[in-house]
Amino acid sequence: MSNIPLIDLLTDIRNCDLCAPHLPLGANPVIQVSSAAKILIIGQAPGTRVHASGIPWNDPSGNTLREWLNISNDVFYDDTQLAIMPMGLCYPGKGKSGDLPPRKECAPQWHDQVLEHLPDVKLTLLIGQYAQKAYLKDGFKTLTERVMHASDAPPPFFPLPHPSPRNRIWLKKNPWFESTVLPELRKRVNEALCD
């Protein structure tokens, strides 16, 4: 267990400006953590709406994610139930086709320290390729392959595509996600929260 209390670690994280010179809107780390959390969500990085509000997944992608998980806003934003720690804690800026990748400095700086304070996590949702590549060494070449085999991922991991409106085409091309993966996801979420 880390020598630094979680409350102090979160203060350090929220005051972090390690990447500030590279961030178009400045540093505003967004994280939700309690040592009692049962589910951990590791996504990509906040978008502009989340940067402005400081509330994780407070955007259309978050609405879709909560629908996928079949949980209410109250449960989602209860840090004793769900911890939220993206690969990049700050908005990275705009790229040619969506937001830029999360800054590479962020996860190595903070993730291990935060994970030490999450002893009760039963399920870790890895949303998008950056989280999956960082945490899964499974040999799959694409996100689609990995998500197709989500139920085979080593516990506590469960890979998901990003719930962005930009992924509607992917969802239409892969109807098995809704018919096969979502029921398994909802079952695991329910088990983790009820454990």
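Residues numbered from 1 in each chain as written. Predicted model: local features only at pLDDT ≥ 70, side-chain atom pairs only at ≥ 80, totals over all residues. Heavy atoms only, no water.

## Here we look at empty space enclosed by the protein
Part 1: Applying the stated criterion across every chain, the model contains 1 cavity of 30 Å³ or more.
Part 2: Reported here for the largest cavity is a volume of approximately 100 Å³.
Part 3: Considering the residues around the largest cavity, the lining is formed by 15 residues, among which Cys16, Cys19, Leu89, Cys90 and Cys106 are closest to the centre.
Part 4: Taken together, the residues of the lining of the largest cavity break down into 12 nonpolar, 1 polar and 2 charged. (1 Å grid on protein atoms, 1.4 Å probe; cavity = no way out; pocket = protein on both sides within 12 Å on 5 of 7 lines; lining within 4 Å. Points joined across faces, edges and corners; volume = space filled by probe spheres on them. Nonpolar A, V, L, I, M, F, W, Y, C, P; charged D, E, K, R; others polar.)

## Regarding the pattern of salt bridges
Part 1: Applying the stated criterion to the full structure yields 6 salt bridges.
Part 2: Salt-bridge contacts for Lys187 lead to Glu184; the nearest nitrogen and oxygen are separated by 4.0 Å. A residue pair is termed a helical-turn pair when its members lie 3 or 4 positions apart in one helix, as Lys187 and Glu184 do in helix 9 (residues 176-194) at 3 residues.
Part 3: Lys187 serves as the salt-bridge partner of Glu191, at 3.7 Å between the closest nitrogen and oxygen. Of this pair, Glu191 and Lys187 are both found in helix 9, 4 residues apart, which corresponds to roughly one turn of the helix.
Part 4: Three or more residues joined by partner-sharing salt bridges are found here, namely Glu184, Lys187, Arg188 and Glu191. (Salt bridge = Lys/Arg side-chain N within 4 Å of Asp/Glu carboxyl O. Helix = DSSP H or I, 4+ residues; strand = E, 2+ residues; numbered from the N terminus.)

## Overview of the environment of Ser179
Part 1: Take Ser179: it is sitting in helix 9.
Part 2: Taking the relative accessible area as the measure of exposure, Ser179 reaches 53% and is therefore exposed.
Part 3: Separated by 164 residues in sequence, Ser179 and Asn15 place their C-alpha atoms 42 Å apart. (Buried < 20%, exposed > 50% of the residue type's maximum accessible area, 1.4 Å probe, protein only.)

## A word on the nonpolar core
Part 1: Membership of the largest hydrophobic core comes to 26 residues, with the highest contact counts inside it found for Ile39, Ile41, Leu69, Phe76, Leu125, Phe177 and Leu185.
Part 2: Counting only elements with at least two residues in this core, the list comes to strand 1 (39-42), helix 3 (60-69), strand 2 (82-84), strand 5 (123-127), strand 6 (157-160) and helix 9.
Part 3: If you tally residues by element for this core, the top one is helix 9, at 8 residues.
Part 4: Leaving out residues up to four positions away in the same chain, Ile41 has contacts with Trp57, Leu65, Leu69, Phe76, Leu82, Ala83, Ile84, Met85, Leu125 and Ile127.
Part 5: Counting 24 residues, the second largest nonpolar core, distinct from the first, contains Ile13, Ile42, Met85 and Leu126. (Core = buried A, V, L, I, M, F, W, Y, C linked by side-chain atoms within 4.5 Å. Contact = heavy atoms within 4.5 Å.)

## Observations regarding the packing of helix 3 against helix 9
Part 1: As a packed pair, helix 3 and helix 9 sit with axes 8 Å apart at the nearest point and diverge in direction by 75 degrees. It follows from the interaxial angle that helix 3 and helix 9 lie roughly perpendicular. Contacts from Glu67, Trp68 and Leu69 of helix 3 reach helix 9 at Phe177, Leu182, Leu185, Arg186 and Val189.
Part 2: In terms of residue class, the contact of helix 3 with helix 9 is built from 6 nonpolar, no polar and 2 charged. (Axes fitted to C-alpha atoms, helices over the stretch in contact; angles between N-to-C directions. Parallel < 35°, antiparallel > 145°, perpendicular 65-115°, else oblique.)

## What about the side chain of Gln81?
Part 1: Secondary-structure assignment places Gln81 in the loop between helix 4 (73-76) and strand 2.
Part 2: Take Gln81: its relative accessible area is 19%, and that puts it in the buried class.
Part 3: If sequence neighbours within four positions are ignored, Gln81 has contacts with Ala37, Lys38, Ile39, Val75 and Leu193.

## Concerning the packing of aromatic side chains
Part 1: Under the criterion given, the structure shown has 5 aromatic pairs.
Part 2: Geometrically, the ring pair formed by Trp68 and Phe177 is edge-to-face, given 4.9 Å between the ring centres and 65 degrees between the ring planes. Here Trp68 is found in helix 3, whereas its partner Phe177 is found in helix 9, with 109 residues between them in sequence.
Part 3: Under the relative-accessibility criterion, Trp68 is labelled buried at 4%.
Part 4: Residue Phe177 is classed as buried on the basis of its relative accessible area of 1%.
Part 5: A network of ring pairs unites the aromatic residues Trp68, Trp170, Trp176 and Phe177 as a single cluster.
Part 6: Stacked on the ring of Phe76, the Lys or Arg Arg66 has its end atom at 4.8 Å from the ring centre. (Phe/Tyr/Trp six-rings, centres within 6.5 Å; stacked < 30°, edge-to-face > 60°. Lys NZ or Arg CZ within 6 Å of the ring centre and 35° of its normal.)

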